[in-house]
Amino acid sequence: MLTETHTGLQSPKGNWWKPAHKSERVWVGIAFGWCMVLFAMMPLWQVKGGQNPSGIRRKVDPAAFYARTQEFIAQYRIGDDRGMPIVAPPPGSDIYLTAMSFQWTPILQLEQGKEYILHLSSLDVNHGFSLYPINVNFQVVPGYDYGLRVTPTAAGDFRIICNEFCGIGHHTMVGRVIVVDSTGNLPAQSGGI
Ligand code: CUA
């Protein structure tokens, strides 16, 4: 006697004409309802979500942005750290930070509790702005100028780590932000590495 074999040419016996079990209908209903919730959240989050950047975004020519950064450095430079200029702009001003393979230019020295408009852009490829040890992250994209309203809430010597893989020197791409308190000094225990 021949036993029945199943190949791709021979369909298995179906049962699709039988009504679905109640629990299956309930789960399909729950899944569909949840899909609708997520679908509604997409446009809703665009308007109400706390993840939206706090500033403006506009297109910019990378070379022009870098030239603007150099102008900013020349205007407010107060010193150097191993060849990298340290820039102390007045509170309330527009400040510039250029990301490039593999550095953050310049070192910013800011005052605690004062607001600045931080312009971030990249000269070459995507980089990731990640303020260490505080959890602040932002994507830095060439061709776009992000003007973020920022107010440093803590004084300290912070590092900017690149958190977007950008090439062979990615792991060496470390920048620096110094935040001084109202007396113009760094706290004794600063946040640097
Ligand atoms: Cu810049 Cu990784």
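Residues numbered from 1 in each chain as written. Predicted model: local features only at pLDDT ≥ 70, side-chain atom pairs only at ≥ 80, totals over all residues. Heavy atoms only, no water.

Description of the pattern of salt bridges
Part 1 of the reasoning: One pass over the structure, following the stated rule, counts 8 salt bridges.
Part 2 of the reasoning: Between Arg82 and Asp81 there is a salt bridge, and its shortest N-O distance comes to 3.1 Å.
Part 3 of the reasoning: The class of Asp81 is buried, set by a relative accessible area of 18%.
Part 4 of the reasoning: Via salt bridges that share partners, Asp81, Arg82, Asp157, Arg159 and Arg176 belong to a single interconnected network. (Salt bridge = Lys/Arg side-chain N within 4 Å of Asp/Glu carboxyl O. Buried < 20%, exposed > 50% of the residue type's maximum accessible area, 1.4 Å probe, protein only.)

Focus on the packing of aromatic side chains
Part 1 of the reasoning: Counting across every chain of the model gives 6 aromatic pairs.
Part 2 of the reasoning: Ring centres 5.9 Å apart and planes at 85° place the aromatic pair Trp104 and Phe129 in the edge-to-face group. Taken as a pair, Trp104 in strand β5 (residues 103–105) and Phe129 in strand β8 (residues 127–132) lie far apart in primary sequence, 25 residues in all.
Part 3 of the reasoning: Among the residues examined, Trp104 registers a relative accessible area of 2% and is labelled buried.
Part 4 of the reasoning: A centroid spacing of 5.0 Å and a plane angle of 75° characterise the contact between Phe138 and Tyr146, whose relative ring orientation is edge-to-face. Each of the two residues, Phe138 as well as Tyr146, counts as buried.
Part 5 of the reasoning: Three or more aromatic residues joined by ring pairs make a cluster, and in this case those are Phe65, Phe72, Tyr76 and Tyr96. (Phe/Tyr/Trp six-rings, centres within 6.5 Å; stacked < 30°, edge-to-face > 60°. Helix = DSSP H or I, 4+ residues; strand = E, 2+ residues; numbered from the N terminus.)

Thoughts on the sheet that holds strand β6 (residues 107–111)
What links the strands of a sheet is backbone hydrogen bonding, and the strands pair in either a parallel or an antiparallel sense.
Part 1 of the reasoning: Taken together, 7 strands build an open sheet; the order of strands is β2-β3-β6-β12-β11-β8-β9 and the sheet is mixed. Of all the strands in the sheet, just β2 (77–81) and β9 (136–140) have a single pairing partner and so form its edges. On average, each strand axis in the sheet is tilted by 25° relative to the strand beside it, whichever way the strands run.
Part 2 of the reasoning: When β6 meets strand β12 (residues 174–180), the two strands line up parallel, connected through 4 bridges. Among the inter-strand pairings, Leu108 is bridged to a residue of β12, identified as Val177. (Pairing = 2+ DSSP bridges. Axes fitted to C-alpha atoms, helices over the stretch in contact; angles between N-to-C directions.)

Topic: helix α2 (residues 62–76)
Part 1 of the reasoning: Taking 1.5 Å of rise per residue, 15 residues should cover 21 Å, and α2 covers 21 Å from first to last C-alpha, within 8% of that figure.
Part 2 of the reasoning: All of the buried residues along α2 are Phe65, Thr69, Phe72 and Ile73. Buried residues along α2 cover an arc of 100° about the axis, so they all sit on one side. Along α2, exposed side chains directed more than 90 degrees from the buried face belong to Ala63 and Ala74. (Expected span 1.5 Å × (residues − 1). Arc of directions from axis to C-beta.)

Section: a nonpolar patch on the surface
Part 1 of the reasoning: On the surface, Phe32, Met36, Phe39 and Met42 cluster together into a nonpolar patch covering about 470 Å² of accessible area.
Part 2 of the reasoning: Take Phe39: it is sitting in helix α1 (residues 22–48).
Part 3 of the reasoning: Judged by its relative accessible area of 55%, Phe39 is exposed. (Patch = residues over 30% accessible without salt bridge, like charges linked within 9 Å, V, L, I, M, F, W, Y side chains within 5 Å. Areas by Shrake-Rupley, 256 points an atom, 1.4 Å probe, with all protein chains shown as cover.)

Here we look at the sheet that holds strand β4 (residues 94–100)
Part 1 of the reasoning: Strand order in the open sheet formed by 5 strands is β1-β10-β7-β4-β5, with mixed pairing between adjacent strands. In this open sheet, the two edge strands, each paired with only one partner strand, are β1 (56–59) and β5. Strand-to-strand, the axes of this sheet are offset by a mean angle of 20°, without reference to chain direction.
Part 2 of the reasoning: Across 3 bridges, the pairing between β4 and β5 is antiparallel. What sits directly across from Met100, in β5, is Gln103.

Regarding the environment of Glu111
Part 1 of the reasoning: Topologically, Glu111 is positioned in strand β6.
Part 2 of the reasoning: Relative accessible area serves as the criterion here: at 28%, Glu111 is assigned to the partly exposed category.
Part 3 of the reasoning: Those residues in contact with Glu111 that sit more than four places away from it in its chain are Pro91, Tyr116, Pro152, Val179 and Val180. (Contact = heavy atoms within 4.5 Å.)

Notes on the layout of surface pockets
Part 1 of the reasoning: The calculated volume of the second largest pocket comes to roughly 240 Å³.
Part 2 of the reasoning: Around the second largest pocket, the lining residues are Asp81, Arg82, Gly83, Met84, Gln103, Trp104, Pro106, Ile107, Arg159, Val174, Gly175 and Arg176.
Part 3 of the reasoning: For the lining of the second largest pocket, the secondary-structure elements that each account for two or more residues are β5 and β12.
Part 4 of the reasoning: Tallying contributions element by element places β12 first for the lining of the second largest pocket, with 3 residues.
Part 5 of the reasoning: A class-by-class count of the residues in the lining of the second largest pocket yields 5 nonpolar, 3 polar and 4 charged. (1 Å grid on protein atoms, 1.4 Å probe; cavity = no way out; pocket = protein on both sides within 12 Å on 5 of 7 lines; lining within 4 Å. Points joined across faces, edges and corners; volume = space filled by probe spheres on them. Nonpolar A, V, L, I, M, F, W, Y, C, P; charged D, E, K, R; others polar.)

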